[in-house]
Amino acid sequence: MIKDGTGQSLRQLPGVQRRRGRGAEARVRRAVRRRGRSDAGMTTAEYAVGTLGACALAAGLYKVVTSTAITGALTEMLERALHAT
């Protein structure tokens, strides 16, 4: 409950209108609570799938980077960069 500086409720003060739609606010709060409960295990599953995807991508990139063609190209590029003046 909101109070003014004197400790009186604002609804009791003259000239302050009551807020409309209190029922709508309660419905929104209930919907948020229900949604929070129903998705409780979803976050863990999403993280697991994301982690597996990241590991698969990392394994693929490792295979590409350690291949002889890429290793040779990277070595050649580094040698050119170091010897360029």
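Above: the structure in question.
Residues numbered from 1 in each chain as written. Predicted model: local features only at pLDDT ≥ 70, side-chain atom pairs only at ≥ 80, totals over all residues. Heavy atoms only, no water.

Considerations on the overall build of the protein chain
Basically, it comes down to this: Secondary structure counts use DSSP, requiring at least four H or I residues in a row for a helix and at least two E residues in a row for a strand, with both numbered from the N terminus. Only protein chains enter the calculation, and the probe is 1.4 Å; a residue is then buried if its accessible area is under 20% of its type maximum, exposed if over 50%, and partly exposed in between.
Along the protein chain, the regular secondary structure elements total three helices and zero strands. Secondary structure elements of the protein chain, listed N to C terminal, follow the sequence α-α-α. Evaluated residue by residue, the protein chain yields a buried proportion of 2% over its 85 residues.

Considering the pattern of salt bridges
Using the following cut-off: The term salt bridge refers to a side-chain nitrogen of Lys or Arg lying within 4 Å of a carboxyl oxygen of Asp or Glu.
Taken as a whole, this structure holds one salt bridge when the rule is applied. Linking Glu 76 and Arg 80 is a salt bridge whose minimum nitrogen-to-oxygen distance equals 3.9 Å. Residue Glu 76 and its partner Arg 80 are located together in helix α3 (residues 68-83), separated by four residues, close to a single helical turn. Take Glu 76: its relative accessible area is 46%, and that puts it in the partly exposed class.

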